[in-house]
Amino acid sequence: SAVISQKPSRDICQRGTSLTIQCQVDSQVTMMFWYRQQPGQSLTLIATANQGSEATYESGFVIDKFPISRPNLTFSTLTVSNMSPEDSSIYLCSVGSNVGTGVYGYTFGSGTRLTVV
Amino acid sequence: AQSVTQLGSHVSVSEGALVLLRCNYSSSVPPYLFWYVQYPNQGLQLLLKYTSAATLVKGINGFEAEFKKSETSFHLTKPSAHMSDAAEYFCAVSASRYNTDKLIFGTGTRLQVFP
C-alpha cells in the first residue's frame, strides 16, 4: 500500500498565525483527503484534493480558513489559517491505495497534532 | 447519503474474553465498509474491509467482521482479547470500491482490556 509522509508531526502555534501541513505520498494518487480529528472525537473530512483542480470542501469548512494545494500527484498541503484554540486538533491526510491482493483501502498519514495557544 | 453508527463509545473486557464492537450502517448504494484502529498518539491502521466478495471478513491481529445486509450491520469481533488490543476503533463507510470517494467515520469505540 501507499506510504504517506506527513509533517510536521506536531506543533504549538500562537493564535492568529497559520500552519502549513505537508503530505508526501510514495506513489501517484488521484485523490487526497484531509481530515480533522478534534480531541476525543472521530474524524471529519475537511476537503478532497484533486491534482489540477480546486479542492472540494465539506460543509462547515471553507477555503479561506483551510486552503489546500495539490501541485502534483504525490504531494499536497493543508494550511490552517488565522488559528484559534478551537483549531487544536489532529489533522490527517489520506489516499486510496491498493493494500494488497486487489483490496483497496485508505492509507493515512501519521497525523499532525496541532495545539493553538 | 451514507452514515455509520457505532454503539457504545467505551467497551471494557477482560483479557481473553470476547471482543464485540458494534457498527450499523446506512447507505443508498452498496457500501464498502471498513474498520480502523488507532493506538494512542498514532495514526489509523486498517484492520479489515468489506468488498462484497465475502460476508465474513478476516483482518489483522485476529479480528474479523461479518456483513449482515438484513441487519445493516458490520460488527467487529475477536475471540480472545489481548492487552495490546486496547485502542480506539472506528467503523467507516465509502461508496467507492476503488476509494475515489470519501470515507465517513463513526464516532469511535474505545476498547479497554483489563488483566
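Just so we're clear, the structure is a prediction, and the values are computed from it rather than from any experiment. (Residues numbered from 1 in each chain as written. Chains lettered and ligands numbered in written order. Predicted model: local features only at pLDDT ≥ 70, side-chain atom pairs only at ≥ 80, totals over all residues. Heavy atoms only, no water.)

K.L.:
So what exactly am I meant to see when it comes to the environment of L47(B) here?
P.N.:
Residue and element names in this part refer to chain B. Mapped onto the fold, L47 is located in strand β5 (residues 44-50). Classification of L47 as buried rests on a relative accessible area of 4%. Taking the C-alpha atoms as reference points, L47 and G62, separated by 15 residues in sequence, lie 9.4 Å from one another. In this structure L47 touches W35, Y36, V37, G59, I60, N61, F63, L76 and Y89, once residues within four positions along its chain are discounted. (Helix = DSSP H or I, 4+ residues; strand = E, 2+ residues; numbered from the N terminus. Buried < 20%, exposed > 50% of the residue type's maximum accessible area, 1.4 Å probe, protein only. Contact = heavy atoms within 4.5 Å.)

K.L.:
How should the pairing of strand β4 (residues 32-38) of chain B be read in this particular structure?
P.N.:
Where a strand is regular, its side chains alternate between the two sheet faces. Residues and elements named next belong to chain B. Within β4, seven of the seven residues are buried, which leaves the element mostly enclosed by the surrounding structure. Every second residue of β4 is oriented toward a common face, with Y32, F34, Y36 and Q38 on one face and L33, W35 and V37 on the other, all of them buried. The pairing of β4 with strand β9 (residues 87-94) spans seven bridges and is classified as antiparallel. From the neighbouring strand, F34 faces β9, where its bridge partner is A92. In this sheet, β5 lies alongside β4 in antiparallel orientation, the contact comprising six bridges. Bridge pairing links W35 to L48 in β5. (Pairing = 2+ DSSP bridges.)

K.L.:
What is the right way to look at unusual backbone geometry in this model?
P.N.:
Leaving glycine out, the prevailing phi sign among residues is negative, and the prevailing peptide bond configuration is trans. Here the amide bond leading from K7(A) into P8(A) is cis, since omega sits at 0 degrees, within 30 degrees of zero. At T72(B), a residue that is not glycine, the phi angle is positive and equals roughly 45 degrees.

K.L.:
So what exactly am I meant to see when it comes to the sheet that holds strand β3 (residues 19-25) of chain A here?
P.N.:
Hydrogen bonds between backbone groups are what pair the strands of a sheet, and the pairing can be parallel or antiparallel. Residue and element names in this part refer to chain A. Strand order in this open sheet of four strands is β1-β3-β8-β7, and the pairing throughout is antiparallel. At either margin of the open sheet sits one strand with a lone partner, and together these are β1 (4-7) and β7 (68-72). Along the sheet, successive strands turn relative to each other by an average axial angle of 15 degrees, direction set aside. (Axes fitted to C-alpha atoms, helices over the stretch in contact; angles between N-to-C directions.)

K.L.:
Is there a simple way to explain the state of the cysteines in this structure?
P.N.:
By definition, a disulfide links the sulfur atoms of two cysteine residues through a covalent bond. Under the criterion given, the structure shown has two disulfides over all chains. Disulfide pairing is shown between C23(A) and C93(A); the S-S distance is 1.8 Å. The disulfide joining C23(A) to C93(A) has a torsion of about -90 degrees about its S-S bond and is therefore left-handed. One end of the pair, C23(A), is in strand β3; the other, C93(A), is in strand β9 (residues 89-100), and 70 residues separate them in sequence. Note on C93(A): relative accessible area 0%, which makes it buried. Each sulfur of the disulfide joining C23(B) and C91(B) lies 2.0 Å from the other. An S-S torsion of about -60 degrees defines the bridge between C23(B) and C91(B) as left-handed. Here C23(B) is found in strand β3 (residues 19-26), whereas its partner C91(B) is found in strand β9, with 68 residues between them in sequence. (Disulfide = S-S within 2.5 Å.)

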